[in-house]
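These are the residues of each chain, in order.
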Amino acid sequence: MKHFIFTLFAIVAFAGAYAQTSPAVKGRVTDAATGKVVEFADVVITDNDNNTVASTTVKNGEFVIDRVREGEFVLSVLLVGYQPYVAKPMQFGKESIDMGTIALAMVETGLEEVVVTGEKSKIVYKLDRQSISGSASLAAAGGTAVDILNATPSVRVDAEGGVSFRGSTGFLVYVDGKQSPLEGTQALEQIAANNVENIEIITTPSARYKTDGDVGIINIITKRHDDEGVSGNVNLSLSTIGAWNADVLVSHKKNANRFYLGWASSEVKTQSEFEQSKTTIVDDFTTTSQSIGERYRNSASHLGRIGWEYSKKGHDLMLEYQMGLTKNSRGGDMAYDEHRMQGTNVINDNIYDSHDRYSNEKHIYQLSTNYTWTLNERGDKISLLGRLRHDSYALEYTESNMFNLSGERYEGTRGYEKEHHWDFDGSLNYELNYRPEGKFEVGYQYTSYSEHGSYNIKYWDREMHDFEWQEDLRAPFFYRRQIHSAYAMLTDSFGPLSFDAGLRADHNIDHLDISVKGANRHIKRTELYPSAHLQYAAPGNNVFSLGYSYRINRPGIHQLEPYITYEDYYTKKIGNPDINPEYIHSAEVGYRKTIAEENTIAVTGFYRHRRGVREYVRLAYEPGVTLDSLINAGNDRTIGAELSARVKTTRWWNITINGSVFDYKFTADYEGSTSASNVSYSASMINNFTLGRTSRLQFDANVVGPTVLTQGREEAYYYFDLAFRQQLFKNKISASIVMHDVFHTAKYNNYRMTPTLKSVTHVRPKYPNIVLSISYAFNAKHKEHTGAVSSGVTVFEGKDF
């Protein structure tokens, strides 16, 4: 921690040393057709060799670069959809240069090619979100959107590869503004980082967005091929542990019409060495088991899509159809040494061979549409959005197997949950631009999710030497959730001050019918959710911001199901039909500054309070067997700060330092949980080296601090990654190689302790894990891929056992 604080002060001191009273260059950027200010364009200053000297991003229609070294350089303004602006060479020195107003013209017949050998800003901060550049992450060398997100201070990847923001996994995933047919981490893993243009993280979402997800929304903006004619790209990656992904996208654009066809397949694999000691006390039985072996996880998806876009004279229409299948599986092959006592008498002392399997397969079909009618020149709009998804087949399967050393089966289970899903949401929105900087929005949204199916399980009968169906545990069910929503939003700016404020009303209807006695539920809730954001652009390229959002994290059907499923023979799990939503207050305060020659610093303070924290608690259930039961364990609050700083030490080496530190306090309301608090942290140093015009090297150092649980704690760990990327054939082909956990230092240690349970778990990823990837783009005009090689994340498998 001392080193982290010292580094923070060093960076601030470095920034102050480069500050100057008057900017080297400033200007204003507008749309040539409408005269409105243009946001988030890249302003780049390059030398005669086309190397980046300094850069910034347009905010509120203006840009300022504080410091540029003396010499003759060229200033360019770049934004997708507009023709690049390239000024004549200018002499930079002690005098400030005012570029005046730069008017960008919309692209009519494709984008001109401007190659800039440098790195665009990795993170751009907007009024209510941060936008992470996919190209600034060098495609994760065959990785996915998860790898791009891992380069931010807000993100942590847990022991099973699950993404969390500021300690929470509750987030929604959108792709190009449309809800993904997949969920959570799997939705992120399915999208190759090579196809990502930007990722927007909205941690305090405005009232216009759905209220689900306690930490907000992730919107992945994919790369588009808007050139006239046929264009596209192909990506392929492989790893030494068998993980792979491949995708292809072909696009044809002619005048106002664009057609596209794509397919993406991936299999994300993790493997870990696993060791666990577990002691349970049930009545007068004390059982201690020692287990050692390997655990794995496979997340496979195969999705195709076809779409049509039309844009002409104020009418924009999109139709897209997706179909495919997904299959998530996990399992373990373990040796169990079990010692069981009743009082002081030993009643069992055996070694077993255990094999457990889990899989969840879905066949997915989704149709989505988006229509926008621009009513007039000032940009008033009416928009209509719709999405319909159907899972025609879904099977969740669990299997546990226990054998003695002679190979004879001792125990076993087979669980089957067959399901059919329907999912629909639609919205009607109106936007009034009452002045160039101000707009008022109102809208109505409707969401419906329904699922019907049945759960069946059979146990191994030792006397019959066969599996026997447990008819008393058979559980047919029907579940439906409907949400009617209305919202109003006001957004405006006055000089350097920008703000938005909104209010949303949700009427939620949940209906659960299940054969389990006493478990039927019919619940209605009507609640209000406010939001507000404020940003002030102070002189000297200093930006201050505030944000607030009230959210809800509703339980899903799998968390409501009141029947027991198996992780392995010794670990059972059960849902809870009476589980309540989590209610979350989130607030942020931020400071950002861009200094000469691409040096940036951003500091964000955040506060989050959750009421009704939802968590699985582990209980001693039977001799040697534990039950993970879902409860509202209590309330928590998190107060923390995040730092992201970038220092360009030389023309060929820049450093990005990310850090997060937060104080967490949990107050238990359940007797099986324990109140706890701790200070946790994570930090990373990303070193990017330019070895030549087309070669990049990256070395990452990462540390993840300790975490407290409602029943225990997780220890800190650290790891290092190394990556190299080479571009070939005028940047049409990009080849990358990444080695994860170079020194094999990543270790996961978990401790749980209650009066009737003691559990100690150690997990270590399989080594080595090397990823090779290749990407090819055809008939598309490209900027050079810029930025750092994102080398992925360290993943442990089996930490929840």
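All figures in this text were calculated on a predicted structure; none of them were measured in a lab.

Draft legend 1. How the structure looks around the pattern of salt bridges. Scanning the entire structure with this criterion turns up 28 salt bridges. Linking Arg389 and Asp391 is a salt bridge whose minimum nitrogen-to-oxygen distance equals 2.7 Å. This pair shows no difference in class: Arg389 is buried, exactly as Asp391 is. For the salt bridge of Asp506 with Arg554, the shortest nitrogen-to-oxygen distance reads 3.2 Å. One end of the pair, Asp506, is in strand S28 (residues 497-514); the other, Arg554, is in the loop between strand S30 (542-553) and helix H4 (557-560), and 48 residues separate them in sequence. Relative accessible area serves as the criterion here: at 2%, Asp506 is assigned to the buried category. One network of salt bridges, in which partners are shared, links Lys210, Arg387, Asp423 and Asp425.

Draft legend 2. A look at the pairing of strand S1 (residues 25-31). Burial within S1 is extensive, with 5 of its 7 residues counted as buried. Bridge analysis of S1 against strand S8 (residues 97-104) gives 6 bridges, and the strand direction is parallel. Its bridge partner lying in S8, Val29 is registered against Ile102. Pairing of S1 with strand S4 (residues 62-65), which is carried by 4 bridges, proceeds in the antiparallel orientation. Pairing of Lys26 across the sheet is with Val64, part of S4.

Draft legend 3. The arrangement of the environment of Val625 in detail. Looking at where Val625 falls in the secondary structure, it is placed in strand S35 (residues 625-650). The exposure class assigned to Val625 is buried, which follows from its relative accessible area of 2%. In this structure, the C-alpha to C-alpha distance between Val625 and Thr279, residues 346 residues apart in sequence, is 9.2 Å.

Draft legend 4. Region of the structure containing the environment of Thr185. Tracing the backbone through its elements, the reader meets Thr185 in helix H3 (residues 184-189). The exposure class of Thr185 is buried, given its relative accessible area of 17%. A sequence separation of 12 residues divides Thr185 from Val173, and the C-alpha atoms of the two residues are 8.7 Å apart.

Draft legend 5. Expanded view of a nonpolar patch on the surface. A grouping of Trp373, Leu375, Ile382, Leu384, Leu428, Tyr430, Tyr434, Phe440, Val442 and Leu490 is seen on the molecular surface, where their side chains present a nonpolar patch of about 800 Å² in accessible area. Counting residues per element, the ones that place at least two in the nonpolar patch are strand S23 (381-404), strand S24 (409-435) and strand S25 (438-461). With 3 residues, S24 is the single largest residue contributor to the nonpolar patch. Along the polypeptide, Tyr434 turns up in strand S24. For Tyr434, a relative accessible area of 36% translates into the label partly exposed.

Quick notes on the rules
Residues numbered from 1 in each chain as written. Predicted model: local features only at pLDDT ≥ 70, side-chain atom pairs only at ≥ 80, totals over all residues. Heavy atoms only, no water. Salt bridge = Lys/Arg side-chain N within 4 Å of Asp/Glu carboxyl O. Buried < 20%, exposed > 50% of the residue type's maximum accessible area, 1.4 Å probe, protein only. Helix = DSSP H or I, 4+ residues; strand = E, 2+ residues; numbered from the N terminus. Pairing = 2+ DSSP bridges. Patch = residues over 30% accessible without salt bridge, like charges linked within 9 Å, V, L, I, M, F, W, Y side chains within 5 Å. Areas by Shrake-Rupley, 256 points an atom, 1.4 Å probe, with all protein chains shown as cover.

Purely geometric numbers; function is a separate question.
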